[in-house]
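What follows is the residue order along each chain.
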Amino acid sequence: MIAMATTVSCVSPTVLSLQSHVVQGTVGNSIAVPVMRVMGVRAWGMPTALLSNHNGRSSVAGIPIDAQQINGMVDALNSNGELKHVDAVLSGYLTALTGPTVLRTVEKCREHHPDAMWVCDPVMGDMVGDQVRTYVPDDTVAFMKEAVQSADVLVPNVAELGILTDTMPLTIDEIVDAARGLDGPKFVVVTSVPHQDENGDGLAMVAVAGERTIVTHGPLIDRHFNGAGDLTTAVLTAQLVAGESPETALGKAAGVVHAVLERTWNHPGDELDWSPEDASAQPWKTEILAPSAPSRVGRSS
């Protein structure tokens, strides 16, 4: 049985987000934290790196936050009695060095709150045409394959799902089979799935929750946007930690992200042009492709 985590107090649900922070741009915690806060979540952003901007720019400066420093900050929060409030841990880009600190953080939070969720975006690669491009070292891939077994919610793109499962899933059936082959996660949301219908090229998200297969799709905005994946995972996390069903969370994430991308399309640059009003965007319609199953996501205690 899959049961949604319940909050431990009457305050808003709390998410501890371990991701990079950039001075300029909308990636990592620089998009996830403000979006989750607008959606009613107490979002605590713990940086895994402090950077001037994302690594895809011609110039980048900053510092990584090493494992000892992250562990020290987590221990300070723990000593102050704050980890007991954490309902979910969200992680984005990790390395083989910082990854174990995230696992340790999740364990520390679960010592106080056994139902605390770990939402993991296994940032490792993407598709170039019909080929997988992996842009992290082999030791990071090896770590992620092991670590995702402890995740409750996993949000890979198609390439990352293939990397994690040593497959090349291209059709919805193949994506569902690969997602169900993962040990551990109770809810897998696969993003950036090519989709075609009578209106032409589109994009879909395919979710697997127990025996349920949930799909949402819409028009393709054919342009690269930095931080779209981080935004997607943030909205999903905010919805799930508030107790929404998988299909509701999926549709809302698709609606919010599309609203942001539409606005960004009309402006120069590759950074997301998001606004707090986007949190009220209409959700996309979702379709259940498989029989009903328990519809809450989280840890079973």
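For the structure itself, look to the data block above.
Residues numbered from 1 in each chain as written. Predicted model: local features only at pLDDT ≥ 70, side-chain atom pairs only at ≥ 80, totals over all residues. Heavy atoms only, no water.

A few words now on the environment of V260. The topology assignment puts V260 in helix α8 (residues 246–265). With relative accessibility at 1%, the residue V260 sits in the buried group. Put simply, V260 and N80 are 180 residues apart on the chain and 37 Å apart in space, counted from C-alpha to C-alpha. Setting aside its immediate chain neighbours within four residues, V260 contacts L231, L272, D273, W274 and D278. (Helix = DSSP H or I, 4+ residues; strand = E, 2+ residues; numbered from the N terminus. Buried < 20%, exposed > 50% of the residue type's maximum accessible area, 1.4 Å probe, protein only. Contact = heavy atoms within 4.5 Å.)

Across the two faces of strand β5 (residues 117–120) the burial is the same, with M117 and V119 and W118 and C120 all buried. With helix α3 (residues 99–112) bridging strand β4 (residues 88–91) and the parallel β5, this β-α-β connection has right-handed handedness. (Right-handed = clockwise from strand over helix to strand, strands pointing away.)

Together, V132, M168 and L170 make up an exposed nonpolar region whose accessible area comes to about 240 Å². You can see M168 is positioned in the loop between α5 (158–165) and α6 (172–180). (Patch = residues over 30% accessible without salt bridge, like charges linked within 9 Å, V, L, I, M, F, W, Y side chains within 5 Å. Areas by Shrake-Rupley, 256 points an atom, 1.4 Å probe, with all protein chains shown as cover. Salt bridge = Lys/Arg side-chain N within 4 Å of Asp/Glu carboxyl O.)

Tracing the sequence through the fold places H258 in helix α8. Looking at H258, the relative accessible area reads 14%, which means it is buried. What H258 contacts, discounting residues up to four positions off in sequence, is P219, I221 and W284.

In β4, alternate side chains face the same way, and those of A88 and L90 on one face and V89 and S91 on the other are all buried. Bridge analysis of strand β1 (residues 14–22) against β4 gives four bridges, and the strand direction is parallel. Of the residues in β4, the one forming a bridge with S17 is L90. (Pairing = 2+ DSSP bridges.)

Burial in α6 covers these residues: I175, V176, A178 and A179. Buried residues along α6 cover an arc of 165 degrees about the axis, so they all sit on one side. The exposed set on the far side of α6, more than 90 degrees from its buried face, consists of D173 and D177. Those residues of α6 that are buried lie in contact with α5, β9 (187–197), β10 (200–209) and β11 (212–219). (Arc of directions from axis to C-beta.)

Glancing now at the environment of R110. Note that R110 resides in helix α3. Separated by 22 residues in sequence, R110 and A88 place their C-alpha atoms 9.4 Å apart. Within polar-contact distance, the side chain of R110 engages the side chain of D152 at 2.8 Å. (Polar contact = N/O pair within 3.5 Å; in protein donor to acceptor, adjacent residues only side chain to side chain.)

This brings us to the packing of α5 against α6. Across the interface, α5 lies against α6 with an axial gap of 10 Å and an inter-helix angle of 50 degrees. On the basis of the axis angle, α5 is oblique to α6. Both α5 and α6 take part in a crossing whose hand is left-handed. Here V158, L161 and T165 of α5 lie close against α6, whose contacting residues are I175, A178 and A179. For the contact of α5 with α6, the per-class residue count stands at five nonpolar, one polar and no charged. (Axes fitted to C-alpha atoms, helices over the stretch in contact; angles between N-to-C directions. Parallel < 35°, antiparallel > 145°, perpendicular 65-115°, else oblique. Left-handed = near helix turned anticlockwise from the far one by under 90°. Nonpolar A, V, L, I, M, F, W, Y, C, P; charged D, E, K, R; others polar.)

What follows deals with the side chain of T48. Turning to its location among the elements, T48 is positioned in strand β2 (residues 42–51). Judged by relative accessible area, which is 8%, T48 ranks as buried. Within the structure, the side chain of T48 is placed 3.2 Å from the backbone nitrogen of S20, a separation counted as a polar contact. Residues within four places of T48 in sequence aside, it is in contact with L18, Q19, S20, P64, I65, I70 and Y93.

With that settled, consider unusual backbone geometry. Glycine aside, the phi torsion of most residues is negative, and most peptide linkages are trans. Non-glycine residue D166 carries a positive phi angle of around 55 degrees. Mapped onto the elements, D166 comes out in the loop between α5 and α6. Overall, the relative accessible area of 62% leaves D166 in the exposed class. Phi at S192 is positive, roughly 60 degrees, even though this residue is not glycine. Looking at the secondary structure, you find S192 in strand β9.

Here we come to the sheet that holds β1. Consider a sheet: its strands pair through backbone hydrogen bonds, and that pairing is either parallel or antiparallel. Pairing is mixed across the open sheet formed by ten strands, whose spatial order is β3-β2-β1-β4-β5-β8-β9-β10-β11-β12. Either end of the sheet is taken by a strand with one partner, and the two such strands are β3 (62–64) and β12 (287–288). Packing of α3 onto the sheet brings it into contact with β1, β4 and β5, and relative to β5 it is tilted by some 155 degrees. Across the sheet, α8 touches β9, β10, β11 and β12, and the angle it forms with β11 is around 15 degrees.

For α8, which comprises 20 residues, the first-to-last C-alpha distance of 28 Å matches the rise-based estimate of 28 Å (1.5 Å per residue) to within 8%. With respect to burial, α8 is a largely interior element, 15 of its 20 residues being buried. (Expected span 1.5 Å × (residues − 1).)

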